[in-house]
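For reference, the chains in residue letters:
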Amino acid sequence: MNVIVVNNYDRMSEEVAKLVRGQITEKPDSVLGLPTGGTPVGVYGLLVEMGKRGLDFSRVTTFNLDEYVGLAGDHPQSYRYYMQTNLFSGVNIKAANTFVPNGVASDLDAECEAYEKRIKQAGGIDLQLLGIGTNAHIGFNEPGAEFGTMTRVVDLTESTIEANSRFFASRAEVPTKAISMGMKSIMQAKNIILLANGGGKAEAIRAAVLGPVTVDVPASVLQLHPSVTVVVDQAAASKL
Ligand code: GLP
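Our subject in this report is the structure included herewith. Only a predicted model underlies this, so the values are computations on that prediction, with no experimental measurement involved. (Residues numbered from 1 in each chain as written. Predicted model: local features only at pLDDT ≥ 70, side-chain atom pairs only at ≥ 80, totals over all residues. Heavy atoms only, no water.)

**Topic: the site of the ligand**
And step 1. In the region of the ligand, 13 residues are neighbours, and Gly 38, Thr 39, Asp 66, Arg 166 and Lys 201 sit closest.
And step 2. In isolation the ligand exposes 390 Å². Once the protein is present, 94% of that is buried.
And step 3. The site holding the ligand turns out to be the largest pocket.
And step 4. Its residues placed into classes, the shell around the ligand shows three nonpolar, seven polar and three charged. (Near = heavy atom within 4 Å. Areas by Shrake-Rupley, 256 points an atom, 1.4 Å probe, with all protein chains shown as cover. 1 Å grid on protein atoms, 1.4 Å probe; cavity = no way out; pocket = protein on both sides within 12 Å on 5 of 7 lines; lining within 4 Å. Sits in = over half its atoms within 2 Å of the grid points. Nonpolar A, V, L, I, M, F, W, Y, C, P; charged D, E, K, R; others polar.)

**Some thoughts on the side chain of Thr 39**
And step 1. The residue Thr 39 is located in the loop between β2 (31-34) and α2 (41-52) in this model.
And step 2. Filtering out sequence-adjacent residues up to four positions away, Thr 39 remains in contact with Tyr 9, Met 12, Leu 195, Ala 196, Asn 197 and Lys 201. (Helix = DSSP H or I, 4+ residues; strand = E, 2+ residues; numbered from the N terminus. Contact = heavy atoms within 4.5 Å.)

**So, the environment of Thr 151**
And step 1. When you line up the elements, Thr 151 lands in the loop between β6 (127-130) and β7 (152-155).
And step 2. For Thr 151 and Asn 97, which are 54 residues apart along the polypeptide, the C-alpha to C-alpha distance reads 19 Å.
And step 3. The contact partners of Thr 151, leaving out residues within four places of it in the chain, are Cys 112, Tyr 115, Glu 116, Ile 179, Ser 180, Met 181, Gly 182 and Ser 185.
And step 4. Polar contacts involving the side chain of Thr 151 include one to the side chain of Glu 116, which spans 2.7 Å. (Polar contact = N/O pair within 3.5 Å; in protein donor to acceptor, adjacent residues only side chain to side chain.)

Written as structure tokens, this is what we have:
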């Protein structure tokens with residue numbers, strides 16, 4: 001793992017946005033794997049600015065890591081809505097090339113299978129960005145998720161529901177299930193960038209980078225990947 005420690009959130013966002021720009025410049029038809037959450041908002045903002053200055057997304061394809069089960073794409077807390085707002089509407093990406101699992105599909109298992117197929121048809125993910133949960137989850141692969149898992153329906157843990165309730169009017173409104181790319185789907189990406197900021201992520205980052213590789217710390221699986229860059233601010237790196 002290549003660990004880059006930067007001063008603060010803005011530097012983290014700049015570092016990651018530059019790496020994404022490098023990927024798109026080198027391969028204009030790149031396939032990107034994308035996370036949601038608070039952490040990458042700054043990266044997306046910078047990518048929108050880069051797009052205005054000419055970074056061309058017209059041949060880029062994106063696959064999001066996950067989506068809440070039960071939320072349609074026009075629900076303000078859905079990850080489709082988040083992506084539209086934070087990135088897709090601001091760059092010249094083709095709507096047809098943006099994939100987010102459909103959390104209201106009538107057959108969720110078929111949706112998961114189709115999602116994996118689409119990733120394969122696109123040629124696999126060139127660059128996967130990842131946030132990390134305070135319990136070291138990646139996507140919505142909670143502790144205990146087997147390393148062989150592919151896109152599937154998962155139950156969210158209490159701690160994740162609690163952490164994500166800040167985006168909802170009340171805790172009762174937070175979905176308890178999600179569709180998430182699996183551990184194996186993530187590990188199949190050619191390159192991976194894990195980003196984190198703030199002291200609340202310090203323990204998760206320590207366990208992911210320095211701890212044993214175990215299903216109890218989902219992000220620790222990244223130690224087994226040949227091309228991972230971890231970009232963290234000083235607070236998130238404080239236990240390294
Ligand atoms: C959610 C997402 C993850 C994300 C994590 C951290 O549960 N499913 O993909 O990495 O939260 O979110 P935040 O960046 O808001 O801390």
